[in-house]
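Residue strings, one per chain:
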Amino acid sequence: MYRRGFFNLAKVIRTYSVQTEAARAKQLQEVALNENCILVDINDRPLGMASKKDCHRVSLDGHVKLHRAFSVFLFNSSGDMLIQRRSKHKITFPDTYTNACCSHPLYDIEGERNELNALGIRRAAQRRLNYELGIPTTQIRPENFHYITRIHYEDIGNGIWGEHEIDYILILQKDVDIKPNPSEVSEIRFIRRNNLNREISLLDAPLTPWFQLILKHRLKIWWDNLKHLKKFEELDNIHRF
């Protein structure tokens, strides 16, 4: 009887712990909605700021405010690519697979508004990789990121929360220490180039829309040329999808 009671108590404690962690993750996501993104026009010229909440709410006419963002594609020294599964607590596109890190430079952080050589974007990427994947900032300096191009896309998601971004594409090939933040990331895995199609087909959750677009239009050629990315730079172009 005692052992059964002890088992039941342990089960209650585990359940409480899971519920507490879920509530904390949800709260963190809601707090982040108050951060301010950088609004831009279709040519990526800054127009001011708006909260993440305002930048991701789908309006009555079915559109989302255009804002600046970035997507990091992280490869290890063997050339394998990291993908993550977004936490089910994420406001936009929860429980979906995507590239290593996708986020926004913040208007409130002055250094992330610096446009020279996309320095502000690189700084934001360093901050978010540390927050989402626990990668020490000393291992991912701004100069380590290879800025290659920008894409412009819009997706209204579930009709309530969506995305509309000028998305800076950053590529990083480096062996790093990873400790995912469970409020942001529920799973990570590395994929080999020669097994890409099979790995993607076996995923048991959808891809984010930006990852789908980049996978379809650009990723494979970049992946095949990780040592020669300079010749694929299109810094003055914004690809429209």
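Note: the structure precedes this text.
Attention in this report is confined to the structure presented alongside it.

Thresholds applied
Every chain begins its residue count from 1, and numbering advances along the sequence as written. Given that the model is predicted, a residue must reach a pLDDT of at least 70 before its local features are reported, and side-chain atom pairs must reach 80 or more before they are shown or counted; all residues, however, enter totals for whole chains, interfaces and linings. Note that the side-chain values use all heavy atoms of the structure and ignore hydrogens as well as water. Secondary structure elements follow DSSP: runs of H or I of four or more residues count as helices, runs of E of two or more count as strands, with numbering from the N terminus. Whether a residue is buried, partly exposed or exposed follows from its accessible area with a 1.4 Å probe, protein chains only, as a fraction of its type maximum: under 20%, in between, or over 50%, in that order. Whether two residues touch is decided by their heavy atoms; if any such pair falls within 4.5 Å, the residues are in contact. Working definition of accessibility: Shrake-Rupley area with a 1.4 Å probe, residue cover restricted to the visible protein chains. Here a polar contact is taken to be a pair of N or O atoms separated by no more than 3.5 Å, where protein atoms must pair a possible hydrogen donor with a possible acceptor and residues adjacent in sequence count only if both atoms sit in side chains. Two strands make a pair as long as DSSP finds a minimum of two bridges between them. The salt bridge criterion pairs a side-chain nitrogen of Lys or Arg with a carboxyl oxygen of Asp or Glu, the two atoms within 4 Å.

1. Regarding the overall build of the protein chain
Next up, step 1: Scanning the protein chain from terminus to terminus reveals five helices and 10 strands.
Next up, step 2: Put simply, the protein chain has 241 residues, and 48% of those count as buried.
Next up, step 3: For the protein chain, the proportion of contacts with a sequence separation of at least 24, taken over those separated by at least 6, is 68%.
Next up, step 4: Carbon and sulfur atoms make up 51% of the accessible area of the protein chain, which totals about 12800 Å².

2. Concerning unusual backbone geometry
In most cases, non-glycine residues show a negative phi, while peptide bonds are predominantly trans.
Next up, step 1: You will see that D95, though not glycine, has its phi angle at about 55°, which is positive.
Next up, step 2: Tracing the backbone through its elements, the reader meets D95 in the loop between β4 (81–86) and β5 (97–99).
Next up, step 3: The exposure class assigned to D95 is partly exposed, which follows from its relative accessible area of 32%.
Next up, step 4: Of note, A118 is a non-glycine position whose phi angle comes to about 55°, a positive value.
Next up, step 5: Relative to the helices and strands, A118 resides in the loop between β6 (101–103) and α3 (119–133).

3. A few points about the side chain of S103
Next up, step 1: Topologically, S103 is positioned in strand β6.
Next up, step 2: At 3.2 Å, the side chain of S103 and the side chain of R128 are in polar contact.

4. Some points on the pairing of strand β8 (residues 163–173)
Next up, step 1: Of all the 11 residues making up β8, 10 are buried; the element is thus mostly covered by neighbouring parts of the structure.
Next up, step 2: Here strand β3 (residues 67–75) pairs with β8 via nine bridges, running parallel. For F75, the partnering residue across the bridge sits in β8 and is Q173.

5. Re the pattern of salt bridges
Next up, step 1: Taken as a whole, this structure holds 17 salt bridges when the rule is applied.
Next up, step 2: Linking E234 and R218 is a salt bridge whose minimum nitrogen-to-oxygen distance equals 3.9 Å. Within this pair, whereas E234 is found in the loop between α5 (209–223) and β10 (238–240), its partner R218 is found in helix α5, the two being separated by 16 residues in sequence.
Next up, step 3: Taken together, the shared-partner salt bridges connect R85, D95, E187, R189, E199 and D204 into one network.

6. A closer look at the side chain of S183
Next up, step 1: Take S183: it is sitting in the loop between β8 and β9 (185–191).
Next up, step 2: Polar contacts involving the side chain of S183 include one to the side chain of N181, which spans 2.8 Å.

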